[in-house]
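# Secondary and tertiary structure notes
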Amino acid sequence: MVGVRVETHPGPEQGAATSWAGHYNYALQSVHRIEALRKSLSREDLATYQKAIREGYNEIRTELLRDLASGPLPKRQIAWVKASVLGSVGIPGDIELGQSGRLSLRINMDNYGSFVDKLAPYTVWIFPTSTQYTFDNGPVERQDNP
């Protein structure tokens with residue numbers, strides 16, 4: 001995976017409650033076993049890996065700019081997503097699913113209620129292909145609270 005952490009640090013007049021942190025992660029399609037750390041990749045494999053990393057950071061930038069844009073948030077579905085990079089249980093969140101199978105999963109800690117510290121980061125996972133994830137529950141339309 002490739003990822004970035006984005007933070008805001010408001011001035012003292014605004015207080016720590018307005019601090020924000022977001023983790024943006026891109027799940028690479030290639031998987032390298034631990035043995036890859038002990039030997040060099042071939043030139044071709046290294047070039048392919050570097051290209052995938054650049055693509056990942058471009059996708060992260062796109063999602064970050066969408067989150068920072070003003071205006072109403074897009075309507076998203078919710079689902080419980082399972083993927084090897086998410087651990088054996090998976091994670092629930094807001095999803096956007098592209099026709100190509102590309103998935104962005106947004107995890108807002110407010111959705112977990114009092115179980116999670118509100119200063120925990122907002123997280124976005126990007127999966128470029130549908131072979132990288134499954135749905136354990138959903139997707140379904142998000143029901144807004146009245």
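Our subject is the structure that appears above.
Since the model is a prediction, treat every value here as computed from it, not as a measurement. Counting restarts for each chain, with residues numbered from 1 along the sequence as it is written. It should be noted that, the model being predicted, local features are given only for residues of pLDDT at least 70 and side-chain atom pairs only at 80 or more, the latter also being counted only at that level, while totals for whole chains, interfaces and linings use all residues. Processing note: side-chain calculations cover all non-hydrogen atoms of the structure and skip hydrogens and water entirely.

### Some words on the sheet that holds strand S2 (residues 20-26)
Going by this rule: Two strands pair if DSSP finds at least two bridges between them. Every helix listed is a DSSP run of H or I at least four residues long, and every strand listed is a run of E at least two residues long, numbered separately from the N terminus. Each axis is a line fitted through C-alpha atoms, taken for helices only over the stretch in contact, and angles between the N-to-C directions span 0 to 180 degrees.
Judged by pairing direction, the sheet is mixed, and its seven strands sit side by side in the order S1-S2-S6-S5-S4-S3-S7 without closing on themselves. Each edge of the sheet is formed by a strand with only one pairing partner; in this case those strands are strand S1 (2-8) and strand S7 (134-141). Going from strand to strand, the sheet's axes swing by 25° on average, the running direction of each strand aside. Pairing of strand S3 (residues 77-82) with S7 involves five bridges; the strand directions are antiparallel. Residue Lys 82 lies in a different strand from S7, and its bridge partner there is Thr 134.

### Quick look at helix H1 (residues 43-68)
The following threshold applies: To estimate the expected span of a helix, subtract one from its residue number and multiply by 1.5 Å. When a residue's accessible area, from a 1.4 Å probe over protein chains only, is under 20% of the maximum for its type it is buried; when over 50% it is exposed; and in between it is partly exposed. Two residues form a contact once any of their heavy atoms are found within 4.5 Å.
For H1, spanning 26 residues, the distance from its first C-alpha to its last is 37 Å, which sits close to the expected 38 Å at 1.5 Å a residue. Regarding H1, the residues found buried are Ala 52, Gly 56, Ile 60, Glu 63 and Leu 64. Contact partners of the buried residues in H1: S1, S2, strand S5 (103-107) and strand S6 (122-127).

### Description of unusual backbone geometry
For the bond from Gly 138 to Pro 139, the omega torsion is 5°, close enough to zero to count as cis. Relative to the elements of secondary structure, Pro 139 occurs in strand S7.

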